[in-house]
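Observations on the three-dimensional arrangement
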Amino acid sequence: MLDTLTPTYTARFDENSQELSLIGSMRPQHEADMAKCLQVLEQSLRLVRGTLYINVKRLVRVNNIAFRILAAALVNAATERPDLKIKIITSSVVGWSTKKFGVLSAVNANLIIEEYDNEFYPGQTFVENSDFIHVLRTQTKMTWRHERSILPRHGLKPGMKVADICSGIGDFAVLMQKEFNPSRIVALDHSKSSLAYARGVAEEFGISGIEYVYGDASEMLLEDNQFDFVTCRHALQVFDRPELILKELFRICKPGGRVYVTNEKNSHCLGEPHGESIQWTYTEVAKLWHHFNMDIECGPKSRRLLQDSGFDKIQMESFMVTNLDGDPQDFADIIESWKNLFAGDMAKQRGDSPEFIERFKRGFDDHIFAALHPKGYAGWPIWVASGRKPL
Amino acid sequence: MNSRAEPSEKTNFALLLQFDMQIDGFSSNWAYCDRLSSFVARMIGHNRTDSLLYSNLFSSAFNELLETAFRIHAPGSDFVCRIWRKGPTDRIELTIPCDTELSAFYKDAVDTLGESNLAERYHSALFSDGPLQPSIGLMELAVDYKARLSIAAAGDRAIQLVAELSLEDVNQ
């Protein structure tokens, strides 16, 4: 055991967002140990107007000594500054914090508790419905034919500690466990319904040993330097600030370990016959995603993203899922679901005209036609990139 | 002595972990509360539905018990910590060296956990001036974590403090 309590916490105030972030563990023995926190709070109070945000989403541990000091300071602030609202942003990922901080609202109505969880990702609501789950499984089945042999090239070996971040319905984690027998595997996702599905599948098929964890990939509670191999598939492209996720993937990866990401460039989806119609529609898909702050063209940018996040020894390759990978109907099913999603809810939410939507749908139908045609060819390209966390 | 028991019979609980140490060693460094609670939480949380969430909750609850024992104990004897499990319930047993006066503190503290105004008293303790109430951690366990607490004598000069926690239910 260490002789001192380290690390403890950081208290940081961002004047632009009027946000005081408290991060880490606050379990002091003495009230005086909270002096630094109180000092930053006082400084923050001098600078803010309107609303002060206290971000405790990553304040993982607080004992009663720390809480009493913090609570008293916040109550005093709310009393002395009736012009000010103090919003305390908690996270259900931490478990205890909403209940613990929730008592403050009863003491002063200007102390407001907000639990942050929803809206982690702009595309979340589009892909959480149960119809899409079948498609996600089919997608993984088709990409696994390629990734099964690609993963070892990027450093995945049996016996490693592995994390699959943004694990969705968990099927990729199951496949990795079966094929590579990791010594530990954590599957983290921000969708409770996806995790519930994953746990159900694991139970139904007698799969044990996968830790399914709820969390925000951009602010994970997993500890630093834990994993030999971290995967994050098709996720950077649905997040408006992928660098935040990469920073976290870097953090939880061991020095010398590797982070493996896959992303698409949807405008490069292709097919024959009707190549032009298909290309038009997928170019429009990219614009549609951009409208919702998602970059479905992210694939080839993965190298730069990894470099900018501090990784070295970057490897990159691409593969094409096609109608010739197994049953062409599987490929057609994926495109059909894309059509329903992109030309359905998403196009409607953007306010597209019926004429546009009709043309938009036609490209998907042509892609399906190409996939099922005995002489046709249809493809969906994916870029794989991995980088090493420097030693 | 057996106070406000009613935690379930220990039958069928499986022992997961046991730590034996000298109370003087344990109480020589406050950081041991954090280290021990975090380590145990990580060890026993891995096969819960959400390992990370469970570990956070367990560590928070267990740490309050350890901090209470750190503050309230008699010197010069063994401090024993056992963690048991039966289904969704984890049972923490702390054997804490105590003289008569300290035993009475634990007995009184646990006795009052059954009172109807417990939540009110706990919240009042959180916002009170002056020194920290030494029983605040036990109150928090009962109020926020729905822990079932009890104590029993453990020989002449120690008590056994028991907390049973079903944290996955609490989080629902």
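Residues numbered from 1 in each chain as written. Chains lettered and ligands numbered in written order. Predicted model: local features only at pLDDT ≥ 70, side-chain atom pairs only at ≥ 80, totals over all residues. Heavy atoms only, no water.

**Concerning the overall build of chain B**
The following threshold applies: In DSSP terms, a helix is any run of H or I states spanning at least four residues, a strand is any run of E spanning at least two, and both are numbered starting from the N terminus. Two things to know: the radius of gyration comes from C-alpha atoms, and the globule rule equals 2.2 Å times the number of residues to the power 0.38. Burial status follows relative accessibility: with a 1.4 Å probe on protein chains alone, a residue under 20% of its type maximum counts as buried, one over 50% as exposed, and anything between as partly exposed. Only heavy atoms enter the contact rule, under which two residues are in contact if any of them lie within 4.5 Å.
On a plain count of helices and strands, chain B comes out with seven helices and six strands. Over its C-alpha trace chain B gives a radius of gyration of 15 Å, about what one expects of a compact globule, namely 16 Å for 172 residues. For chain B, the spread of C-alpha atoms along the three principal axes comes to 40 × 35 × 30 Å. Residues counted as buried form 56% of the 172 residues belonging to chain B. Of the contacts made within chain B by residues no fewer than 6 positions apart, 71% connect residues no fewer than 24 positions apart.

**Here's the deal with the pattern of salt bridges**
For the record, the criterion: Here, a salt bridge means any Lys or Arg side-chain nitrogen found within 4 Å of an Asp or Glu carboxyl oxygen.
All chains considered together, the criterion is met by 35 salt bridges over all chains. Between B:Asp50 and A:Arg199 there is a salt bridge, with the nearest N and O atoms lying 3.8 Å from each other. Remark: A:Arg199 occurs in helix H7 (residues 192-204) and B:Asp50 occurs in the loop between helix H2 (31-45) and helix H3 (51-71); the pair is interchain, linking two chains. Judged by relative accessible area, A:Arg199 falls into the partly exposed class, the value being 21%. Residue A:Lys265 is joined to A:Glu297 by a salt bridge in which the shortest nitrogen-to-oxygen separation is 3.4 Å. A residue pair is termed long-range when its members are at least 10 positions apart, and A:Lys265 in the loop between strand S11 (253-264) and strand S12 (270-272) and A:Glu297 in the loop between helix H9 (275-291) and helix H10 (302-308) qualify at 32 residues. Considered together, A:Lys265 and A:Glu297 belong to a single accessibility category, that of buried residues. One connected set of salt bridges, linked through shared partners, spans B:Arg82, B:Arg91, B:Glu93, B:Arg148 and B:Glu164.

**Here we look at the interface of chain A and chain B**
How big an interface is tends to be reported as the loss of accessible area on association of its parts. Definition in use: Polar contact is the term for a pair of N or O atoms within 3.5 Å; when the atoms are in protein, one must be able to donate a hydrogen and the other to accept it, and sequence-neighboring residues count only if both atoms are side-chain atoms.
Contact with chain A, which involves 40 residues of that partner, is made by 42 residues of chain B. Our enumeration of links across chain A and chain B arrives at four salt bridges. B:Arg42 is the salt-bridge partner of A:Glu223, the closest N and O atoms lying 2.8 Å from each other. Joining chain A to chain B, the criterion identifies 20 residue pairs in polar contact (both at pLDDT 80 or more). Within the residue set of the side of chain A that touches chain B, elements represented by two or more residues are strand S4 (59-62), helix H2 (64-80), helix H3 (97-107) and strand S9 (210-214) of chain A.

**Remarks on helix H5 (residues 118-126) of chain B**
So the rule is basically this: Here, the arc refers to the directions that run from the helix axis to the C-beta atoms.
Within H5(B) the residues assigned to the buried category are B:Leu118, B:Tyr122, B:Ala125 and B:Leu126. Buried positions in H5(B), seen along its axis, are confined to an arc of 105° and lie on one side of it. Structurally, H5(B) contributes buried residues whose contacts are with H2 and H3 of chain A together with helix H6 (136-144) of chain B.

**Here's the deal with the nonpolar core**
Rule in force here: For this analysis, a nonpolar core means a set of buried residues of the types Ala, Val, Leu, Ile, Met, Phe, Trp, Tyr and Cys, connected via side-chain atoms within 4.5 Å. Each domain's limits were defined by an automated method or a database of domain assignments.
In terms of nonpolar packing, the biggest core is built from 180 residues, with A:Ile165, B:Phe58 and B:Tyr106 touching the most fellow members. Residue assignment places this core across two domains, with domain 1 (9-116) and domain 2 (124-388) of chain A each supplying three or more.

**Some points on the domain arrangement of chain A**
Residue and element names in this part refer to chain A. Quick reminder of the rule: The term buried area means the drop in 1.4 Å probe accessible area that two parts suffer when joined, counted for both and summed.
For chain A, the assigned domains read domain 1 (9-116) and domain 2 (124-388). Placing a centre on the C-alpha atoms of domain 1 and another on those of domain 2 gives a separation of 37 Å. Across the contact, seven residues belong to domain 1 and nine residues belong to domain 2. Taking both partners together, domain 1 and domain 2 bury about 700 Å²; carbon and sulfur atoms supply 53% of that area. Broken down residue by residue, the surface that domain 1 buries against domain 2 is led by Arg58, Ser92 and Val93, which jointly contribute 67%. At the junction of domain 1 with domain 2, the criterion picks out two salt bridges. Of the charged contacts in the structure, one is a salt bridge between glutamate 219 and lysine 57, with a shortest N-O distance of 2.9 Å.

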